[in-house]
Structure formats: structure tokens, C-alpha cells
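So you can see what is in the structure, the chains are spelled out below.
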Amino acid sequence: MSSYYTRAQLEAMRKARLKQELSDSIQKLKEQLQTEHTNSVHMTAGSNIETTVFAEDNAVGGYSGNGIVLAEMLQTENMKRSAQRDSLDFSGLLTSTMKKPTKLEMELDSWIRKADERPIITEKDENDRLRLHAEIARTVQSATDIEDKIRSVKMRVSSYLNGSARITETEKKRIESSYYEYCALCRMLEVNPTENLPFRVEKEIERMTAVLEKRRQDEYVMSVIEEIMEDLGCHAKDDAVLDHTIGQIYSVDGHALCDVFVGNDGGGIMFEPIGESRNGSLEKQRQIENSANSICSLYATIEERAAEKGVILNRIYMEPAHINEMFAQSDISERKARKKGRKASSQKQKVLSSED
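Residues numbered from 1 in each chain as written. Predicted model: local features only at pLDDT ≥ 70, side-chain atom pairs only at ≥ 80, totals over all residues. Heavy atoms only, no water.

### A short note on the pairing of strand 1 (residues 234–242)
For a regular strand, side-chain orientation follows a simple rule: the groups alternate between the two sheet faces.
Next, step 1: With eight bridges joining them, strand 1 and strand 2 (residues 245–252) adopt antiparallel strand pairing. Following the sheet pairing, Asp 239 is matched in strand 2 by Gln 248.
Next, step 2: The hairpin turn running from strand 1 into strand 2, its antiparallel successor, is two residues long, and Asp 243 in that turn takes a positive phi close to 55 degrees. (Pairing = 2+ DSSP bridges. Helix = DSSP H or I, 4+ residues; strand = E, 2+ residues; numbered from the N terminus.)

### Section: the confidence of the model for the protein
Next, step 1: On average, residues of the protein score 76 in pLDDT, and 73% of them are at 70 or above.
Next, step 2: For the protein, helix 12 (residues 335–349) is the element with the lowest average pLDDT, namely 39, and helix 6 (residues 146–162) is the one with the highest, namely 93.
Next, step 3: Overall, residues 44–50 carries pLDDT values under 50, and its contacts beyond four positions in sequence, including any with other chains, amount to 23 contacts.
Next, step 4: Confidence drops under a pLDDT of 50 for residues 52–86, and excluding neighbours within four residues, the segment shows 76 contacts in the predicted structure. (pLDDT = per-residue confidence, 0-100. Contact = heavy atoms within 4.5 Å.)

### A few points about the packing of aromatic side chains
Next, step 1: If you walk through the whole model with that rule in mind, you get two aromatic pairs.
Next, step 2: Judged by centre distance (5.7 Å) and plane angle (55 degrees), the ring pair of Tyr 179 and Tyr 182 falls under tilted. Residue Tyr 179 and its partner Tyr 182 are both found in helix 7 (residues 169–189); the two are separated by three residues, about one turn of the helix. (Phe/Tyr/Trp six-rings, centres within 6.5 Å; stacked < 30°, edge-to-face > 60°.)

### Concerning the nonpolar core
Next, step 1: Ranked by size, the top nonpolar core spans 29 residues in total, and within it Ile 225, Met 229, Val 262, Ile 269, Phe 271 and Ile 302 carry the most contacts.
Next, step 2: When residues of this core are traced back to their parent elements, those giving at least two are helix 8 (198–231), strand 2, strand 3 (258–264), strand 4 (269–275), helix 9 (282–296) and helix 10 (299–308).
Next, step 3: Top element by residues in this core is helix 8. It accounts for seven residues.
Next, step 4: Sequence-distant contacts of Met 229, that is, excluding residues within four places in its chain, are made with Cys 234, Tyr 250, Val 260, Val 262, Phe 271 and Ile 302.
Next, step 5: The next biggest cluster of nonpolar side chains, apart from the first, holds 19 residues, and it includes Leu 29, Ala 184, Leu 189 and Val 211. (Core = buried A, V, L, I, M, F, W, Y, C linked by side-chain atoms within 4.5 Å. Buried < 20%, exposed > 50% of the residue type's maximum accessible area, 1.4 Å probe, protein only.)

### A closer look at the state of the cysteines
Next, step 1: Going through the model one piece at a time under the given rule, you end up with zero disulfides.
Next, step 2: Not engaged in a disulfide, the cysteine Cys 183 finds its nearest cysteine sulfur in Cys 186; these two sulfurs lie 6.1 Å apart. (Disulfide = S-S within 2.5 Å.)

### So, the environment of Ile 269
Next, step 1: With respect to the helices, strands and loops of the structure, Ile 269 is situated in strand 4.
Next, step 2: According to the relative accessible area criterion, Ile 269 is buried, its value standing at 1%.
Next, step 3: For the pair formed by Ile 269 and Val 221, sequence separation is 48 residues and the distance between their alpha carbons is 8.9 Å.

### Focus on the pattern of salt bridges
If the charged atoms of two oppositely charged side chains come close together, the side chains can form a pair.
Next, step 1: Inspection of every chain in the model, using the stated rule, returns 21 salt bridges.
Next, step 2: Residue Lys 203 pairs with Glu 123 through a salt bridge whose shortest N-O separation is 3.0 Å. Taken as a pair, Lys 203 in helix 8 and Glu 123 in helix 5 (residues 123–141) lie far apart in primary sequence, 80 residues in all.
Next, step 3: The exposure class of Lys 203 is partly exposed, given its relative accessible area of 44%. (Salt bridge = Lys/Arg side-chain N within 4 Å of Asp/Glu carboxyl O.)

### Quick word on the environment of Ala 184
Next, step 1: In this structure, Ala 184 sits in helix 7.
Next, step 2: In this structure, the C-alpha to C-alpha distance between Ala 184 and Leu 29, residues 155 residues apart in sequence, is 5.8 Å.
Next, step 3: Not counting chain neighbours up to four residues away, the residues in contact with Ala 184 comprise Ile 26, Leu 29, Lys 30 and Leu 33.

This is the structure in C-alpha cells:
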């Protein structure tokens, strides 16, 4: 019996396998956190649902590999959302700091605080809460007497509480499970957990999982290419950044005057011959060009071997190397100064892209 798979099927199988491996890793870390009780998930007082975050985990390191979505981006977005949250505390509007609150003011304040009894599970719950918040603010600041304010706030808060969904034990367990998963993802991405409302936690799980899946796929693609290049006589020398793309510099057997840079710029795999320099005698320049063209001829072999491992690479653009358009070793250290002037050249030399 024999089997045959198309290129698309091979890549789909590879992506599915890596996705499952990531899912297994997340589940394993989630179970570890549950065993350690590191995050001490619990529900707040009353019927409100709010889960705690890590008290002692201050990691904000971020992902330092070739990924384009950095952990710092996630952290910044989380902090912005946290800063936008408001509490239903109108005590400053109700009383003056120069006098004790009256009995009626205390009654009004108690009805305002009562609104916190409704659990915030869904995005609708939060929108309803924000809407109530605005309505109470208008009522408290209005010119009506205190008794009218109490009646209005009581009516609005009662209506708001009547819209609350009943939280079952099954729902609580699901919320707790989701929070452990969220904390596991935060640890894998090296960011602090900042979300605690269930619907926000679920959104973060979806977003962060997508980031980790992209990173895992990119890492696999790069590892396959690196393995193939080693077989072809290309040996990793140094980590490097070229034109703001993180990657590796490889030496190539038989080509002392020309290396090759390989990196992932987020849209594709970037292969760049790196000449020793763009100066020197005409003979030396021709030797560098010949080496660069010889290195470029390896691309077809890389494509073929990568396809066997489910990594489909499509050639975007390639032309014969010319010394004046090539990157040189000096560009590695002068990348910031040369970025604008060499952007067009970089686009010409980008020759491979992973299929989505």
C-alpha cells in the first residue's frame, strides 16, 4: 500500500501537528498551575465573579526569538484596558469632606454600592454596568432633592440587578478553568496576567493562543531551513539584525568572501547574500558576485527539501547579484543608518515566503 500527499496537504498536516503540540503544552502548564495553586483563583465576595492574578509573578521579559508579535505589545494593551476600568464609587459626589453623611446620603450610597452584586461575566454585563454608571452619575449630579435621587437610583439599580444571570457551579468551574489557561498563556509569553473579568479572559485566551501558534509555526519553519542549510554546507556564525529583521548569519563552504543572512521579517523568509564589502578591486567584486549567485542557486534545493517536511516556500523575486545592490558586512552594524536607503534593495533580495 502506498500513500500520496499534495504539497498543500503536507503543510496542513504540519500546521495541525504543531497546533496540537502547542495545545498539549498549554494544558500541561495549566494543570501544573492548578496543582501549585500559584494564582489562587477564587470568586470575590457576594455573587460577583472576579478572579485574582499572580501576586508574585512579575515577569515582563517578552519573546526574544524571531517572532514579530512581541510580549511587550500584549503587556501594553493589557495595561491600557486596566486603566480604562472604572468603579461605581460616587462617594465624592454625595458628601462634602467637611461634614458627616446624612442618613439619606448613606441610603443613596448603599444603593449605588448594591450594583456591585451583579456578576460581570459577558461583555453585555459590562456594557450594562457602564450604562448604569453613567445614569447614576447624571442622577447624583442633578439638582433634584436627595429623596428623588434615591428613588431614581433604586429603580435603576433594581432593574440592573434583575438583568443578572444566575451563575451555576458548572459556570464557576468553567470560569476558573479558563483563568488557569489564561495564566498558563501569560507565563508562556512572559507577561503579567492583568485580566480578571471572564469575558475579557476568554478574549485574551483566543488572542494569545494565536500569537503562540504563529510563533511555533515560524520557529518550526526556521528550524527546518537551518537544518537544510547545514546539510548544504552553510554554518551558523552569529545572531544578527539586518534591516530591522532578526536572523542568523551563515558562512558557506567554499565562499570565504560572501556569507548569507536568513531571517523572518513577519511576511516571509528573507535570504540575503552578505558580501565582505562593496569596495576593493574589480576582480574581488566579481568574486563576491559569483559567490552570491552560487549561494542563491541553493534556494531551489532548500525549497524542495523544505516541502518534504511540510514547509512550502514560494519564490517571490530573485535576480542576479550585483555588488552595488548587495548588503555588505558593514550593513550589519550600520543597519539603522542604512535602513531608508537600502529598503528597496532588501525587497529585491527577499526571495522566499511561507504559504499561509
